[in-house]
Protein chains: 2
Amino acid sequence: MLNRERLNKVIGKLHRIGAEQMLITDPLAIYWLCGKWIWPGERFLGLLISETRAPVMFVNRLFEFSENIGVRVIWYSDSDDIIPMLVDRIDLRKLLAVDKTMAAGFLIPLMNANAAKGFVNGSIAVDGARAQKDSLEIELMRKSSKINDLAMAEFKGLVHEGVTEKEIADQTLKIYRRLGASGFSFDPIVSFGANAADPHHMPDDTVLKEGDCVLLDIGCVYENYCSDMTRTFYFRREPDERIRNIYHLVRKANEAAEDMLKAGIPLSSVDRQARSIIEEGGYGPYFNHRLGHFIGLQDHEAGDVSLSNQNLTEAGNIFSIEPGIYLKGDTGVRIEDLVLITEDGHEVLNQYPKEIEIIE
Amino acid sequence: MLNRERLNKVIGKLHRIGAEQMLITDPLAIYWLCGKWIWPGERFLGLLISETRAPVMFVNRLFEFSENIGVRVIWYSDSDDIIPMLVDRIDLRKLLAVDKTMAAGFLIPLMNANAAKGFVNGSIAVDGARAQKDSLEIELMRKSSKINDLAMAEFKGLVHEGVTEKEIADQTLKIYRRLGASGFSFDPIVSFGANAADPHHMPDDTVLKEGDCVLLDIGCVYENYCSDMTRTFYFRREPDERIRNIYHLVRKANEAAEDMLKAGIPLSSVDRQARSIIEEGGYGPYFNHRLGHFIGLQDHEAGDVSLSNQNLTEAGNIFSIEPGIYLKGDTGVRIEDLVLITEDGHEVLNQYPKEIEIIE
């Protein structure tokens, strides 16, 4: 059902960028606004919102539903041309904001049809509103991360002599389901030894051997809300001093960034805090990604914790804090939690410990 | 490594739509052209191709690689602004073609920067070239569908008294992997009884009962190429005459459409053929989607078999033939194969039988 509070928040933010109407095409934003989950693939799905007119939704008949969602639905079928149907409803005298992910294949014909006075990326309005999680969302995010904490403990139990990354990854979905999650928020990353030096390594047939690090970057979905956490373990052998030093740098960077969190500070300063610690330890060039990303209905939502993001934290923001050090052909460490900005500080959503842990 | 033959095919097709350069952002199209698989998420990934200049690829450092892929790579990091880097390389005196899926968040700033003389949806060039599978691709598509045939037989074996749709779906990945596939081409659809009336039903906790239909719409990925097939079974009880009639209509529609296939016929005529049979049987309104879609590196590629697609079939095309009848609250039947258009006719890539089959 249409959530008027969320809709009004988006329209208020649109107003600030000078737009009075927006064509929302991101299925998750549509779900967030209307509570209706439709995954249209290559077909068009859109919610046209406006300051002055009631919202209307354009849906392919293939995704037919009968319940009232509080929004007028205009149905079309595969043999219809959606562009003139959109042009009919868009106010051509006004700017039209569109989602940053809107596909060029629909946007260019709307432009060619002069459907609006101009076209502007309006994602900042939807994304900005979605970044301020309301209490219902916060509850679901807490629950999703709680399941993820429990899952981390169980996944650790899958690690044994001779196992491959893929064999571990293949068992995770079942465990998540048993713990009450509906699925993955992203395919689990299971990296042994030197594979951990690639932040986006895909589980392969690498066989675990004594002394390897075991990096688990995992996340699940609970009632459509995502979790995301990383821990780095060691198999059967205490890491040597060099590795311990790297681990502790990453942990210190993670904790120092988390400790400073509250509403009203630049997101760049949080990245700076963590990065400085790794730089001072001499590993600056080996932390080659931003510190974190926003998360919610998607594992990566708009908004990041990076040197280039000067935006201020706001109550209701939920993002990851995930410093890492990656040494090609050698090893990698990443320690990641989700954090929530609250009215008076912050809350770390993950409770799984961060001490160096040896898996026997 | 850059596949010059494929690149030249795309450039030739671009020429025909009046464009001399294209910014390709579809990761699969980039893989198809360069053999390099990068999944950039919300980050920018682009391959700029041109009639007169060597191709260049824009890649975030997060996806760093060292092998030579036959294309100059321009690396950027999360703190760089990619737009001026693109503007530098795009020939502003010429039209720029872009992918139909290019995100507005990158396209609008390029437009605002006057990066080109104009912007046009150039997907027809890439998609048109990708729709003509070469011999290497055809081999992989055959293999992927062969695995799918074997998987269908095994999945059927998972059906038993008291099982839920989800329980079946959850066991499929493991079987696919054992048969040599790398994963799903899409999440399997397992629909019991009335759930089969929703063509896109997601497996849920519905428990199987005697007399239910069991619709399995499944597909796997083999060396990045997708399969996709549907069969509808019945559990423990011979369906009554009305259901048998529906089943036979769908089967007849499927086979009549397949039988007529050869190069040079309008895709719409194939849909017409199947649809007429279902209409004459009195179920026209209950076949509420197009007959089929193209497939390859993606489970749904550009090109469809629908009344509105007047394009002619070409040798190398691979698409689905999937008529269905959907009776809300009651039952559903769909029978789907993949087919290849050859120089002198066609080849059905799926061999799994289509007779009514009762699972005991």
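Not measured: the values here are computed from a predicted model. The written sequence of each chain sets the order in which its residues are numbered from 1. The order in which chains are written sets their letters, starting at A; the order in which ligands are written sets their numbers, starting at 1. Whole-chain, interface and lining totals are the exception, using all residues; otherwise, since this is a predicted model, local features are given only for residues with pLDDT of at least 70 and side-chain atom pairs are given and counted only at 80 or more. The side-chain values count all of the structure's non-hydrogen atoms but skip hydrogen atoms and water molecules.

Let us now look at unusual backbone geometry. Residues and elements named next belong to chain B. In this structure, Glu223 takes a positive phi of about 45° despite not being glycine. Helix and strand assignments follow DSSP, with helices taken as H or I runs no shorter than four residues and strands as E runs no shorter than two, numbered in order from the N terminus. With respect to the element layout, Glu223 can be found in the loop between strand 10 (220-222) and strand 11 (225-226). Even without glycine at this site, Arg236 takes up a positive phi of about 70°. Residue class for Arg236 comes out partly exposed when judged on its relative accessible area of 33%. Relative accessibility decides the category of a residue: with a 1.4 Å probe and only protein chains considered, values under 20% of the type maximum give buried, values over 50% give exposed, and everything between is partly exposed.

For the rest of this paragraph, the subject is the pattern of salt bridges. Residue and element names in this part refer to chain A. We define a salt bridge as a side-chain nitrogen of Lys or Arg found within 4 Å of a carboxyl oxygen belonging to Asp or Glu. By the definition in use, this model includes 62 salt bridges over all chains. Across the salt bridge formed by Asp26 and Arg130, the nearest N and O atoms sit 3.3 Å from each other. Of this pair, Asp26 sits in the loop between strand 1 (21-24) and helix 2 (27-34) while Arg130 is found in helix 5 (residues 123-131), placing the two residues 104 residues apart along the sequence. Notably, a salt bridge pairs Glu357 with Lys156, separated by 2.5 Å at the nearest N-O pair. Here the residue Glu357 occupies a position in the loop between strand 19 (345-348) and strand 20 (358-359), and Lys156 occupies one in helix 6 (residues 135-156), the gap between them amounting to 201 residues.

C-alpha atoms of residues with pLDDT of at least 70 in both copies form the basis for the least-squares superposition of the copies. Screw-axis analysis of chain A against chain B gives a translation of 0.0 Å along the axis, an RMSD of 0.0 Å, and a rotation angle of 180°. Seen this way, the second copy is the image of the first under a two-fold rotation axis. The position closest to the rotation axis in chain A is occupied by the C-alpha of A:Ala103, lying 2.6 Å away. A shared binding surface is used by both copies, with 100% of the interface residues of chain A retained as interface residues in chain B. We call two residues in contact whenever any of their non-hydrogen atoms come within 4.5 Å of each other.

Moving on, we get to the domain arrangement of chain A. When the parts of a complex come together, some accessible area is lost, and that lost area is often taken as the interface size. Residues and elements named next belong to chain A. If you check the domain split of chain A, you get domain 1 (4-130) and domain 2 (132-359). Domain segmentation is taken from an automatic or database assignment of domains. On a C-alpha basis, the centroid separation for the pair domain 1 and domain 2 is 34 Å. Listed as interface residues are 13 residues of domain 1 and, on the opposing side, 11 residues of domain 2. By definition, the buried area sums, over both parts, the 1.4 Å-probe accessible area that each loses when the two are put together. Carbon and sulfur atoms supply 40% of the area buried between domain 1 and domain 2, which totals about 1,000 Å² over both sides. On inspection of domain 1 and its partner domain 2, the count reaches 2 salt bridges. As a salt-bridge pair, Arg130 and Glu301 come within 2.9 Å of each other at their nearest N and O atoms. Polar contacts here mean pairs of N or O atoms no more than 3.5 Å apart (in protein, one a potential hydrogen donor and the other a potential acceptor; neighbouring residues in sequence count only if both atoms are side-chain atoms). Viewed at the interface, domain 2 and domain 1 are joined by 8 residue pairs in polar contact (both at pLDDT 80 or more).

Residue and element names in this part refer to chain B. Angles shown run from 0 to 180 degrees and are taken between the N-to-C directions of axes, each axis being a line fitted to C-alpha atoms and, for helices, limited to the stretch in contact. At a closest axis distance of 11 Å, the pairing of helix 2 (residues 27-34) and helix 5 (residues 123-131) adopts a crossing angle of 55°. Compared by their axis directions, helix 2 and helix 5 come out oblique. Like other packed secondary-structure pairs, helix 2 and helix 5 cross with a definite hand, here left-handed. Taken together, the residues of helix 5 that come into contact with helix 2 (itself represented by Leu28, Ala29 and Trp32) are Val126, Ala129 and Arg130. Amino acids are sorted into nonpolar (Ala, Val, Leu, Ile, Met, Phe, Trp, Tyr, Cys and Pro), charged (Asp, Glu, Lys and Arg) and polar (every other residue, Gly among them). Residue classes in the contact of helix 2 with helix 5 are distributed as 5 nonpolar, no polar and 1 charged. Relative orientations are named as follows: roughly parallel for angles under 35 degrees, roughly antiparallel for angles over 145 degrees, roughly perpendicular for angles from 65 to 115 degrees, and oblique for any other angle. Left-handed describes a crossing whose near helix is turned anticlockwise from the far helix through less than a right angle; right-handed describes the clockwise counterpart.

Turning our eyes to something else, we now look at the sheet that holds strand 11 (residues 225-226) of chain A. Residues and elements named next belong to chain A. Spatially, 7-10-11 is the arrangement adopted by the 3 strands of the open sheet, whose pairing is antiparallel. Two strands lie at the open edges of the sheet, namely strand 7 (183-184) and strand 11, each paired on one side alone. Alignment of strand 10 (residues 220-222) against strand 11, held across 2 bridges, turns out to be antiparallel. Bridge assignment links Val221 to a residue of strand 11, and that residue is Cys226. Where helix 6 meets the sheet, its contacts fall on strand 10 and strand 11, and the angle it forms with strand 10 comes to roughly 140°. Pairs of strands are assigned from DSSP output, requiring at least two bridges between the strands.

Residue and element names in this part refer to chain B. The alternating pattern of strand 1 (residues 21-24) places Gln21 and Leu23 on one face and Met22 and Ile24 on the opposite face, and all of these are buried. As defined by bridge partners, strand 1 adjoins strand 2 (residues 46-50) across 4 bridges and the pair is classed as antiparallel. From the neighbouring strand, Ile24 faces strand 2, where its bridge partner is Leu47. Across 2 bridges, the pairing between strand 1 and strand 5 (residues 95-98) is parallel. Bridging across to strand 5, Leu23 finds its partner in Val98.

Residues and elements named next belong to chain B. Strand order in this open sheet of 3 strands is 7-10-11, and the pairing throughout is antiparallel. Since the sheet does not close on itself, it has two edges, and those belong to strand 7 (183-184) and strand 11, each with one partner. As defined by bridge partners, strand 7 adjoins strand 10 across 2 bridges and the pair is classed as antiparallel. Directly across from Phe184, in strand 10, lies its bridge partner Cys220. Its contacts with the sheet put helix 6 (residues 135-156) on strand 10 and strand 11, and the angle it makes with strand 10 is roughly 140°.

Moving on, we get to the interface of chain A and chain B. Each partner contributes to the interface: chain A provides 31 residues, whereas chain B provides 31 residues. Taken over both partners, the interface formed by chain A and chain B buries close to 2,500 Å², and the fraction arising from carbon and sulfur atoms is 54%. Taken as a group, A:Glu42, A:Leu62 and A:Ile108 account for 19% of the area that chain A buries against chain B, more than any other trio of residues on that side. Linking chain A with chain B are 4 salt bridges.

Residues and elements named next belong to chain A. Most of strand 3 (residues 56-60) is tucked away, with 5 of its 5 residues classed as buried. Where burial is concerned, the two faces of strand 3 agree: the one with Val56, Phe58 and Asn60 and the one with Met57 and Val59 are both buried. Sheet analysis places strand 2 (residues 46-50) next to strand 3, joined by 3 bridges and oriented antiparallel. Considered in strand 3, the bridge of Gly46 is made with Phe58.

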